[in-house]
Amino acid sequence: MAAGDTSTGRRDAATVSDWDLLAADRLRAQAVPRPGRSFWQDVWSRFISRRMAVFGAVILILIALLAVFGPSLTGRSYNRQESSLANIPPVLSATEFAGQANWFYVNPSLKVIEVTPDGHLVRQVPQVSDDMLTKRAIFEADGTAVQLDYSRQPPVLLGADGQPGERTHLVWNADYRLGTDALGRDVLTRTFYGARISLAVALVATLVNALIGIIYGGVSGYVGGAVDTVMMRIVDIINTIPLALYVILVKVVLGSGGFSSIVIALASVYWVDMARVVRGQALSLKNQEFVLAARTIGSPPGAILRRHILPNALGPIIVTGTMLIPSAIFIEAFLSFIGIGIAPPMASLGTMANDALATLRSSPYQLLAPTATICLIMFAFNFVGDGLRDALDPKLRA
Amino acid sequence: MESLLEVRRLRTTFRAGRSRHDAAVQAVRSVDFQLGRGETVGVVGESGSGKSVTALSLVGLLPKTALVEVDKLTLDGASISHLSRRQLRDLRGRRIAMVFQDPMTSLNPLMRVGRQIDEMISAHDRRLTRRERKRRVIGLLAEVRIPEPEKRYNSYPHEFSGGMRQRVMIAMAMALRPEILIADEPTTALDVTIQDQVLRLMRRLQGESGTSILLITHDLAVVAGMCSRVIVMYGGLIMEEAPTTSLFAQPMHPYTIGLLGSLPALRQGQSDRLDSIPGAPPDMTAPGDGCPFAPRCKYARVRCERALAPYYAVADGHRSRCWLLDAAAPGADSPFGEADGELRRKVVPLDD
Amino acid sequence: MTSQPPGPILEVENLARHFRSGERRRPIRALDGVSFSVNRGQTFGLVGESGSGKSTCARTIVRLYEPTAGRVTLDGADITRLSQRQLRPLRRKMQMVFQDPYASLNGRMAVRDLVAEPLTVHQPELGRAAVTRRVKEVLDQVGLGEDHMLRYAHEFSGGQRQRIGIARALAINPELVLCDEPISALDVSIQAQIVNLLRDLQRDLGLAYLFIAHDLAMVQHIADHVGVMYLGQLVEKGPTDRVYGNPSHPYTKGLLASIPTPDPRVDLTDRPPAIEGEIPSPINPPSGCRFRTRCPYVRDICAQTAPKFTDLGDGHDVACHLYPAAAKQDDRVE
C-alpha cells in the first residue's frame, strides 16, 4: 500500500494518513454487540418508570410490614374483649364539666366513658340509677354524678346540677386508634390480623398457582395429545363447581372451619386459571425452533419444560398471578363476610365487615377500616399487575 | 425520460420507545432519486438499509413515531410533501399504489376478497354502481389469472395460496391504473416458480398501463431481470445508482461489488468460495460521520471513517458514493480493478 | 466431487410422515416415501418449493416427528423404532441447525448456556470449567469470541445468531448436521458468510450435511448430491453437477428455469414461463405422477401410475414417465 499524497491531492487537502488503509482494529469483522441490557434489566427499568405500579408496590410492602409487625406495635390481641369499652370511635366528642379533670363521652349504647383530655380512656362510668320516665340516667364518677338526658337526640350529658357541660371537645382516641368494635376489641389490631389473613391467602394462592398450576399447565401443554385432553377436561370439571361449594364441602369434611378450610379449598382448585394460561403458552412455545433445537439435542422433557418453556412463559405467568392474587383475597373476604370463611373470633377483613354491619348506623367507622384495607390491597395488586404486564410485554400496551 | 417522481434529501428518523435510553434510529439519512414515466427502478439493499422505510416515507404510511423530512418531493411536477393525511390517502391507490411482502397481513382475513377489491375501487370512484364494480373486480381477478374469478370473488383470503394472495394484492394495486406502483419485496415470501409468475404478471400489467414501478428487493437477480435502473442502499444512504447493465458490468462501489460476489451463480460444477462481506449491518442509532460501510469494507481508508464521501459521477446516470473514486485516492489496492485508472480520470464529484 | 464415495452416515428409506388433517379424515401426506443417503463428509442438498416436504423430512429424520412409515439408518443403526430415551445417546452423531436465527435461540439464556446445552445433556461428567473451555473452542470455530459468551441472543445480528446456532450444533462433535434452511432468513452478504463457514467446518471437521434450501443456486454451490422434492416425494436425485447440468425431470427443469439470472442482459420475459400453477394440496395429491397437474409434457399414463425411478447413469435418478422404466426397479412403493 502506498501513501498516496504524491501529486493528485490538490482538491482535498488530504493528509498522508487520510488515505492509509483503515487499521484492522477499526474494521469490525465480527463486532461485539454493544452492552445490551438483559431481559430482566429491561423489565425492571420499564417497571420502575411506571409511577402507579411503584406506588402499588410500596403500598403492598407497607401493608405486609404492618400485617406482620402491627399487632406488636399496638400491643393488643385480636380477640381480647373489653366489653366496657365497646363501640368507641376513633374520634370522640367528649364533654367537659367544670371542676372535673377528665371528660366524658357517651357511646352509641348510652354508656358513659371517662376520657382524659389527651384521649386516653379511663373507664366506663358506673350507672347508679336510670329514670325511665324522664329518660335520665345518673352515672357516678369519683363522687360526682353525671346525668345523661337521652330524651333528646343525640343524648346530652348534664352535670350533677342538671346543667349542660362547659363545652364539648373532639379528641382522638389515644388507646384504640381506629376505635373498638361491638365487643370492645381493637379495630386496628383486628385490621392488622385481617390483612395478615388476606396476605396469607395471597401467599397460598401464589404457591398453589406456582406449584400446581404452572406444572400442571406446562405438562399438559407440552406433552399434548390425549394427556392434554384428559388434563384439560379435569380442569373444566373443577371450573364448573363454584369455589364457595368447595369451602362448604371442606368445612363439612373437616368438621371445623376457618382458615384451614379456605386454604384447602383454594389449594385444591385455585390453580386452574393459571394452568390454562401456562398450557396455552406451552402449546405455542413447544413448536418454536428453540424448543425443537433442545429436542434434537436430546434434552429430556423435564429439562425442556424447566429451561426453555417456563422461562419464556414467565411474563404471562406473572401477569396472571398478579391478577389471580387479588381475586383470591377477595374470595376469602367474601366467604368470611357471608359467614362460611374464617370463623370468629379470628379477625378477617370479611368477618370484620360483617360484624360492622350490625352497628353500621351508629358506628360506621367499624366498616370503614376493613373495607378500606381490602380496597387498598386490591388496588395495589392491580397496579402492580398492570405495571408488570406492561413491563414484561410492552407490545400489549395500547 | 420524463421524470414522474422526484425525491430530494429524504430523511426519516424513528423515535425508539419512550425511555431516554433509546436513541433515535436514523433509518433514512439522505436519499434522492427520480423515477421516470413507465420506468422500472430497483432499490436494492439488505435489512436495515432503509429501502422499505424510503418507500413508506414517500406515501406517508409510517407510524407516528417516524419523523419524515424531505427537501423536495414532487409527483408529476407538483409537490406532495405537504399533503394532509386525507389528501395522501386519496393519492394512495389512485396515483401511487403499493404491494407489500406479506399479502396475508395486507388483506382483512374476515372479509371476502372480492369485497376488499370492491371497497378499494369505491373508495376512489363513487360513480360506479355496485354491479359495475363487481364486474370490474371479476375482470381484475381474471386479469391477474386467478382461476374461476366469479367463484373466487366470494372466497376469503385464507382460502388463497400465498401466490394467489399476492396476485390479489397486485390486482388491487393496479385496479385504478396508478401512475406509480411501489412494490416492497413483493416476491420475497414466494417460491421461485411463483415469483417467476408474479414478476411476469407485474411486467405484463405495466406494459398495458404504462405504470412506473419502484421495485424494492434484496435480490439482485430479480433486479437484473426487471429493472432498467438500480439504486443500491446501505445504512440509510444511496451507495450507488446506475443503469442496470452498467451496475452489473462495472460496479463502482465496494458494497455493490461485495453483494454481487456473494451471489452464487448457477454455473457448471463450481466449488469455489463465495466472496462474502464480513461483519454485520450497521447500527442505525449512531451512524457516525464516515461511510456506513467502512467497517465492513476491505478497501476502507482512514478518510472513509472520518467523513462521508460525496457522489462521484462515474458515467452518464451512474453515480457512486465512495472516496476511492476521488482523484486524490491512491491507485493501488483499488476495488475497481484494471479499469480504475482510466475510469477515475473521468469521475466528477457531484454536489450533494 | 466424484472421488471414491465414502460410506453413508445417514440412509433414509421410504420415509413417510402423514399428519392428521383438521376436519376431514384424510391425512396430510407431507412426506410420502422418500429414499436417499448422505455420505460421510459430504453434503446432500434437498430442494423444492415450500410445501414439498423438505423440512418435514429433516424433522422426521431427527424424530421431532414420528415417522409414519419407512426407515432411518444413522451410522449403520436403525433409529426408526428406538424410543426417545434410547435415541438420546445417538443424537450426539446428528445435530440440527434451524432456519430462523431469532426463534431458534432461547432469549432467556446467555450464549454460553445456549452452546453448552448439548454438553450438559450428553457429557454430564464434564465440569463447569471444561464446558466453558469447550464452548470457547466452538465459538472460536464459528468466528465468535470469548467476549460473546455472557451476552444474550437478542443482542446479536441475524448472521451472528446463526453462528451461535451452528456452534450449539457442533459442541458435541456430531458427524451429521441437518441444516434446515439455515440461510434463507439472512441477508445476501451474510448468507455467503454462513455458507463459507459451513464449508470450512466441513473441510476441517469432516462433517456431513443434509442441506435444505429453496435457493437452488446456493444448494448447487454447497452440495455434492442433490435431491429435488415435490409434494412429499423425490422426483430427481443424483450428483449435483449431473442434476444441475442435465436436469431431467420437468419439475427440476422448471425450477431451475424460474430462478432469475443475475444478468441484466437476460430479460425476464424473454423466455416462456417456467412452471404454471401452484403446488397442489398434500391432503389430496394428484393420482399417478404428482407433478402432472403442472407438467408441460403430461401424458395419459401420468394420471394412472406413479413413475418409478430410472437410473440415467452415475447415480442420477429421475422419476418420470418420459424416461422409460427399462432401468432397474427402484425402491419406490405405492
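Below, the structure is looked at part by part. What you see is a predicted model; the values in this text were computed from it and never measured.

Each value, and the rule that gives it
- Residues numbered from 1 in each chain as written.
- Chains lettered and ligands numbered in written order.
- Predicted model: local features only at pLDDT ≥ 70, side-chain atom pairs only at ≥ 80, totals over all residues.
- Heavy atoms only, no water.
- Helix = DSSP H or I, 4+ residues; strand = E, 2+ residues; numbered from the N terminus.
- Rg over C-alpha atoms; globule rule 2.2 N^0.38 Å.
- Contact = heavy atoms within 4.5 Å.
- Areas by Shrake-Rupley, 256 points an atom, 1.4 Å probe, with all protein chains shown as cover.
- Lys, Arg positive; Asp, Glu negative; His and termini not counted.
- Charge placed at Lys NZ, Arg CZ, Asp CG, Glu CD.
- Buried area = accessible area lost by both parts, 1.4 Å probe.
- Salt bridge = Lys/Arg side-chain N within 4 Å of Asp/Glu carboxyl O.
- Nonpolar A, V, L, I, M, F, W, Y, C, P; charged D, E, K, R; others polar.
- Buried < 20%, exposed > 50% of the residue type's maximum accessible area, 1.4 Å probe, protein only.
- Patch = residues over 30% accessible without salt bridge, like charges linked within 9 Å, V, L, I, M, F, W, Y side chains within 5 Å.
- Phe/Tyr/Trp six-rings, centres within 6.5 Å; stacked < 30°, edge-to-face > 60°.
- Lys NZ or Arg CZ within 6 Å of the ring centre and 35° of its normal.
- Pairing = 2+ DSSP bridges.
- Axes fitted to C-alpha atoms, helices over the stretch in contact; angles between N-to-C directions.
- Core = buried A, V, L, I, M, F, W, Y, C linked by side-chain atoms within 4.5 Å.

## Notes on the overall build of chain B
Across its full length, chain B carries 13 helices and 13 strands. In terms of overall dimensions, chain B is globule-like: its C-alpha atoms have a radius of gyration of 22 Å, near the 20 Å expected for 352 residues. Its C-alpha atoms give chain B principal-axis dimensions of about 70 × 55 × 40 Å. In chain B, of all internal contacts separated by at least 6 residues, the share reaching a separation of at least 24 is 66%. Roughly 14800 Å² of accessible area belongs to chain B as shown, and the carbon and sulfur atoms make up 49% of that amount. Computed over 49 positive and 41 negative side-chain charges, the inter-centroid distance for chain B is 7 Å.

## Some points on the interface of chain B and chain C
Each side of the interface is counted separately: chain B has 45 residues, and chain C has 42 residues. Summed over both partners, the interface of chain B with chain C comes to about 3700 Å²; 56% of that surface belongs to carbon and sulfur atoms. Taken together, the connections running from chain B to chain C amount to zero salt bridges. Every element with two or more residues in the side of chain B that touches chain C is listed here: helix H7 (162-174), helix H8 (192-209), helix H9 (220-226), helix H10 (244-249) and helix H11 (254-262) of chain B. By residue number, the principal contributor to the side of chain B that touches chain C is H8(B), which donates nine residues. For the side of chain B that touches chain C, the class distribution of residues is 19 nonpolar, 17 polar and nine charged.

## Observations concerning the environment of Met174(B)
All names here are of chain B. Within the fold, Met 174 resides in helix H7. By relative accessible area, Met 174 is classed as buried at 3%. A sequence separation of 52 residues divides Met 174 from Ser 122, and the C-alpha atoms of the two residues are 14 Å apart. Once residues lying within four places of it in the same chain are set aside, the contact partners of Met 174 are Leu 181, Leu 205, Ser 209 and Thr 211.

## Some thoughts on a nonpolar patch on the surface
All names here are of chain A. Together, Val 58, Ile 61, Leu 62, Leu 65, Leu 66, Val 68, Phe 69 and Leu 73 give the surface a local cluster of nonpolar side chains, amounting to about 780 Å² of exposed area. Take Phe 69: it is sitting in helix H2 (residues 51-74). When its relative accessible area of 49% is taken as the criterion, Phe 69 is described as partly exposed.

## Remarks on the packing of aromatic side chains
When we look at a pair of aromatic rings, we describe it by the centre distance and by the angle of the planes. Applying the stated criterion to the full structure yields 11 aromatic pairs over all chains. Ring geometry for Tyr216(A) versus Trp271(A): centroids 4.7 Å apart, planes at 45 degrees, classification tilted. Placement of Tyr216(A) in helix H3 (residues 187-223) and of Trp271(A) in the loop between helix H6 (259-269) and helix H7 (272-285) is noted, with a sequence separation of 55 residues between them. Both residues of the pair, Tyr216(A) and Trp271(A), count as buried. Considering the side-chain rings of Tyr234(B) and Tyr255(B), the 4.6 Å spacing of their centres and the 55 degrees angle between planes classify their relative orientation as tilted. Taken together, the residues Tyr234(B) in strand S9 (residues 229-234) and Tyr255(B) in helix H11 connect sequence positions 21 residues apart. There is no split in this pair, since Tyr234(B) and Tyr255(B) are both buried. Ring pairs connect the aromatic residues Tyr234(B), Tyr255(B) and Phe293(B), which therefore count as one cluster. Looking at Arg76(A), its charged tip hangs above the ring of Tyr176(A), at a distance of 4.0 Å from the centre. A cation over a ring is seen here: Arg152(B) above Phe160(B), with NZ or CZ 4.8 Å from the ring centre.

## Details of unusual backbone geometry
Phi is positive for Glu148(B), close to 50 degrees, though the residue is something other than glycine. Relative to the helices and strands, Glu148(B) is located in the loop between helix H5 (130-143) and helix H6 (149-152). Positive phi, normally seen in glycine, also occurs at Glu181(C), with a value near 50 degrees. Its location among the elements puts Glu181(C) in the loop between strand S7 (176-180) and helix H6 (188-205).

## Things to note about the sheet that holds strand S11 (residues 309-311) of chain C
Residues and elements named next belong to chain C. One open sheet accounts for eight strands, arranged S6-S7-S8-S3-S9-S10-S12-S11; its pairing is mixed. Here the strands that pair on one side only, and so sit at the sheet edges, are strand S6 (94-97) and S11. Going from strand to strand, the sheet's axes swing by 20 degrees on average, the running direction of each strand aside. Packing against the sheet, helix H5 (residues 158-170) makes contact with S6 and S7, and its axis sits at approximately 175 degrees to S6. In the packing of helix H9 (residues 250-258) onto the sheet, contacts are made with strand S9 (225-230) and strand S10 (233-239), and the angle to S9 comes to roughly 100 degrees.

## Considerations on the nonpolar core
Counting 80 residues, the largest nonpolar core has Ile117(B) and Met202(B) as its most contacted members. Considering every element that reaches this core, the biggest residue donor is H7(B), with eight residues. If sequence neighbours within four positions are ignored, Ile117(B) has contacts with Val137(B), Leu140(B), Leu141(B), Val168(B) and Met172(B). Within the second largest apolar cluster, 64 residues are counted, among which are Leu114(C), Ile183(C), Leu186(C) and Ala213(C).

## Here's the deal with the environment of Gly45(B)
Its place among the elements puts Gly45(B) in the loop between strand S3 (40-44) and helix H1 (51-58). Residues Gly45(B) and Tyr255(B) lie 210 residues apart in sequence; the distance between their C-alpha atoms is 9.9 Å.

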